[in-house]
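Listed here are the chains, written in short residue letters.
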Amino acid sequence: MSTSVEPVTAPPRPRSARKGGPLGNRLTARRSLLMLPAFALMAIFMLGPIVYSIYLAFTNKAVRGENAKTVKFVGIDNFLTAFGDDRFWNAVVLTLIFTIVSAVIGQNLLGMVLALLMEKANRLITFIGTSVVILAWILPEVVAGYLLYTFFADQGSLNTLLTSIGLPGQDWLFSAPILAVSFANIWRGTAFTMLIYSAALTSIPKDVYESAEIDGAGAWKRFISITVPLMRTAIATNLMLITLQTLSVFGLIFIMTGGGPSGRSQTLPLYMYEQAFSYGQLGYGTAVALILLAIGAIASLIYLKLLPEEDKR
């Protein structure tokens, strides 16, 4: 009786783990040479201006006058000057009012309402409504500022409409300038929020709403219990983006009011522009810009806290 012995085959050798991602091998000196132009451009046009701006904020650099000839390091004097200036704090307060009213409240809520309405409307109404809202968004800031200036001016469209129905008109750019520019920013920027929320709404499964409706939940209950929690990431992301964008709005306010009258619509970007270019104090104006950057960073950290833990990884 013969017995057959099966040949013993060696186990397959494990594949060597790829290093360096989808390109295969790790980054070599030859490959890094191809990235040098990109790094050089970033260093020249991004890192360079950032470092130079930080340097200017701690100097007495000026466009004209004695400080234009001799630049001295002044430490934190520019920041102390800002914190002791009533006009600076007026600009900080107006910046917060402008951001909260026009972005956090105005654009956020109106964008959500429009997104919900567009989801329920038919295709024709959705197309028309979306086109009208996006038209305001794609207009250049200078054009949008001029259009809203003519709307709120003493002889503008708003007063013409009010007087036609028997109501008294006002000089809105004089009596309530910060509210006028806030409305202008809402009109111009709501489309961005609407698009973000529209995309988030389409990702919510319809059967979740159907189950809640069968259980007797009304429209408001479904919105609070289903829509808002499932859109938490989109809401926090949108709030962060529109807040950072609104903090840096310059052209819209500059065209409509120029920061006036008497500084009643002068936000931090306009105050910074006035100090750096109208008065020629580049060092002081750059210090104000860094303070504005710090405010934006604090706002971003607050919004990041609203994100679910799984989205932070």
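For clarity, every value in this text was computed on a predicted model and none was experimentally measured.

**A closer look at the environment of Ala 276**
Position of Ala 276 among the secondary structure elements: in helix α14 (residues 268-278). On the accessibility criterion, Ala 276 (5% relative accessible area) is buried. Ala 276 sits 13 residues away from Ala 289 along the chain, and the two C-alpha atoms are 9.8 Å apart. Sequence-distant contacts of Ala 276, defined by excluding residues within four places in its chain, comprise Val 63, Gln 281, Leu 282 and Gly 285.

**Details of the side chain of Gln 266**
Inspection of the secondary structure puts Gln 266 in the loop between α13 (251-256) and α14. On the accessibility criterion, Gln 266 (6% relative accessible area) is buried. A polar side-chain atom of Gln 266 sits 3.4 Å from a polar atom in the side chain of Glu 274.

**Here's the deal with the packing of helix α4 (residues 86-120) against α14**
Any two packed helices are characterised by how steeply their axes cross, that is the angle between the axes, and by the distance between the axes. Between α4 and α14, whose axes approach to 8 Å, the crossing angle comes to 150 degrees. With respect to their mutual orientation, α4 and α14 come out roughly antiparallel. Contacts from Arg 87, Phe 88, Ala 91, Val 92 and Thr 95 of α4 reach α14 at Leu 268, Tyr 271, Glu 274 and Gln 275. In terms of residue class, the contact of α4 with α14 is built from five nonpolar, two polar and two charged.

**Remarks on the packing of aromatic side chains**
For the structure shown, the criterion picks out 17 aromatic pairs. Arranged with centres 6.3 Å apart and planes meeting at 80 degrees, the rings of Tyr 271 and Tyr 284 form a pair that is edge-to-face. Note that Tyr 271 is positioned in helix α14 and Tyr 284 in helix α15 (residues 282-306), a separation of 13 residues in sequence. With respect to burial, Tyr 271 and Tyr 284 carry one shared label: buried. Through a chain of ring-to-ring contacts, the aromatic side chains of Phe 83, Phe 88, Trp 89, Tyr 271 and Tyr 284 assemble into a single cluster. Directly above the aromatic system of Phe 174 lies the positively charged group of Arg 264, at a separation of 5.2 Å from the ring centroid.

**With respect to the environment of Ser 102**
Relative to the helices and strands, Ser 102 is located in helix α4. Judged by relative accessible area, Ser 102 falls into the buried class, the value being 0%. For the pair formed by Ser 102 and Ile 178, sequence separation is 76 residues and the distance between their alpha carbons is 9.9 Å. With residues near it in sequence (within four places) discarded, Ser 102 still touches Ile 97, Gln 107, Ser 182, Asn 185, Ile 186 and Thr 246.

Rules behind the numbers
- Residues numbered from 1 in each chain as written.
- Predicted model: local features only at pLDDT ≥ 70, side-chain atom pairs only at ≥ 80, totals over all residues.
- Heavy atoms only, no water.
- Helix = DSSP H or I, 4+ residues; strand = E, 2+ residues; numbered from the N terminus.
- Buried < 20%, exposed > 50% of the residue type's maximum accessible area, 1.4 Å probe, protein only.
- Contact = heavy atoms within 4.5 Å.
- Polar contact = N/O pair within 3.5 Å; in protein donor to acceptor, adjacent residues only side chain to side chain.
- Axes fitted to C-alpha atoms, helices over the stretch in contact; angles between N-to-C directions.
- Parallel < 35°, antiparallel > 145°, perpendicular 65-115°, else oblique.
- Nonpolar A, V, L, I, M, F, W, Y, C, P; charged D, E, K, R; others polar.
- Phe/Tyr/Trp six-rings, centres within 6.5 Å; stacked < 30°, edge-to-face > 60°.
- Lys NZ or Arg CZ within 6 Å of the ring centre and 35° of its normal.

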